[in-house]
Amino acid sequence: MMILSVALCTFNGGEFITEQLDSIINQTLKVNEIIICDDGSSDKTIEILKSYKLKYPELIKIYINNKSLGTIKNFEKAISICSGELIFLSDQDDIWCNNKVDKFQSYFIKNMNCKLLFSNGELIDNKGGRLESTLWDKWGFNEQLQLSWINNKNVFKDLIMNKNKITGATLCIHSSLKKNILPIRVPLGYWHDAFLGIHAAALNGLYFINESLIYYRVHKRQQVGLSSKIQANITEKSNPDFILKKKFYSILRKKHPKMKPFIPILPRDYFVKKIIKKIIKKIKRNNVR
């Protein structure tokens with residue numbers, strides 16, 4: 001049997017965290033540890049977490065950040081603390097199907113090269129009502145794309161251009177991937193799920209299950225959610241230690257030399273244009289204020 005970890009990140013998630021935790025704890029195949037990193041909640045989240053810690057002292061470990069890390073670095077911290085062979089990522093507001101962990105572990109056992117596995121998910125509203133749609137419907141991960149993504153080179157080419165179809169709340173990584181993904185450093189607009197996928201695909205280890213194994217909650221207080229156009233202030237707050245694409249591509253070339261042909265080479269004037277655009281955006285924002 002594998003040691004199974006959950007990396008769960010919270011921030012003002014008191015309204016839904018109980019349902020999320022219950023769905024993880026009540027899995028048909030029990031996890032060995034739930035690592036919870038809270039990014040400075042000011043609601044009842046921490047109070048709820050501590051009550052669960054009292055009930056399950058050996059299972060739950062809580063880490064409260066002294067200052068906000070942002071979504072991406074908070075997940076980096078949670079992943080780095082996990083000791084399991086398999087590490088499941090979890091948001092604070094979803095519900096897992098009770099056989100999710102069992103299905104994932106079985107898949108990893110049957111596919112020894114698997115480094116990252118993700119699934120589909122049913123969409124629900126803030127009250128838990130089904131929205132008659134799925135994550136893959138929302139992201140356009142149709143049959144044609146699924147066939148394309150069987151080839152990990154195609155996955156790598158899509159993800160490096162930020163054409164992401166992976167939802168972090170559905171994914172699980174093998175611990176052997178940790179040496180490739182930590183620290184998580186990405187440009188603005190990229191997220192940790194795409195980053196993990198890039199490295200898994202570079203190692204020919206990205207797989208997916210065509211099955212909905214979570215209920216993904218859609219509500220107004222989501223930090224990221226399903227919108228492809230996320231406000232700039234949210235993107236920057238979630239990734240305060242972002243790097244430029246030039247640096248990002250350079251790191252990938254060094255880490256995965258076999259994937260060099262698929263990594264873009266940016267023209268010199270690209271960076272000048274990017275800086276000018278950022279300056280103009282800041283001026284516009286200041287004028288609005």
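See the structure printed just above.
The paragraphs below set out a description of the structure included in this document. (Residues numbered from 1 in each chain as written. Predicted model: local features only at pLDDT ≥ 70, side-chain atom pairs only at ≥ 80, totals over all residues. Heavy atoms only, no water.)

## Some details on the environment of Asn32
Note the threshold: Counting from the N terminus, the helices are the DSSP runs of H or I reaching at least four residues and the strands are the DSSP runs of E reaching at least two. Residues are treated as being in contact if the distance between any of their heavy atoms lies within 4.5 Å. The term polar contact refers here to a pair of N or O atoms within 3.5 Å; inside protein, the definition further demands a hydrogen-donor-capable atom paired with an acceptor-capable atom, and it admits residues adjacent in sequence only when both atoms are side-chain atoms.
One can find Asn32 in the loop between α1 (17–25) and β2 (33–38). Between the C-alpha atom of Asn32 and that of Met2, which follows or precedes it by 30 residues, the distance is 9.2 Å. Sequence-distant contacts of Asn32, that is, excluding residues within four places in its chain, are made with Met2, Ile3, Leu4, Glu58 and Leu59. Reaching out from Asn32, the side chain makes a polar contact with the backbone nitrogen of Leu4 at a distance of 2.7 Å.

## Digging into the packing of helix α9 (residues 192–202) against helix α11 (residues 245–255)
Two packed helices can be described by the angle between their axes and the distance between those axes. The line we're drawing: Working convention: axes come from line fits to C-alpha atoms, limited for helices to the stretch in contact. Angles between N-to-C directions cover 0 to 180 degrees. Should an angle fall under 35 degrees it is called roughly parallel, over 145 degrees roughly antiparallel, and 65 to 115 degrees roughly perpendicular, with every other angle called oblique. A clockwise turn of the near helix away from the far one marks a right-handed crossing, whereas an anticlockwise turn of less than a right angle marks a left-handed crossing. Three categories are distinguished: nonpolar for Ala, Val, Leu, Ile, Met, Phe, Trp, Tyr, Cys and Pro, charged for Asp, Glu, Lys and Arg, and polar for the others, with Gly belonging to the last.
Packing of α9 against α11 brings their axes to within 11 Å, and their N-to-C directions diverge by 30°. By the criterion of interaxial angle, the relationship of α9 to α11 is roughly parallel. The handedness of the crossing between α9 and α11 is right-handed. Contact with α9, carried on its side by Phe195, Ile198 and His199, involves Phe248, Leu252 and Lys255 of α11 and no other residues of that element. Among the residues forming the contact of α9 with α11, the class breakdown is four nonpolar, one polar and one charged.

## Regarding the packing of α1 against helix α2 (residues 45–55)
Closest axis-to-axis distance for the α1/α2 pair is 10 Å, and the angle between their directions is 25°. On the basis of their axis angle, the class for α1 and α2 is roughly parallel. Crossing of α1 against α2: the hand is right-handed. Here α1 contributes Ile17, Thr18, Leu21, Asp22 and Ile25 to the contact with α2, which in turn contributes Ile48, Leu49 and Tyr52. Its residues assigned to classes, the contact of α1 with α2 comprises six nonpolar, one polar and one charged.

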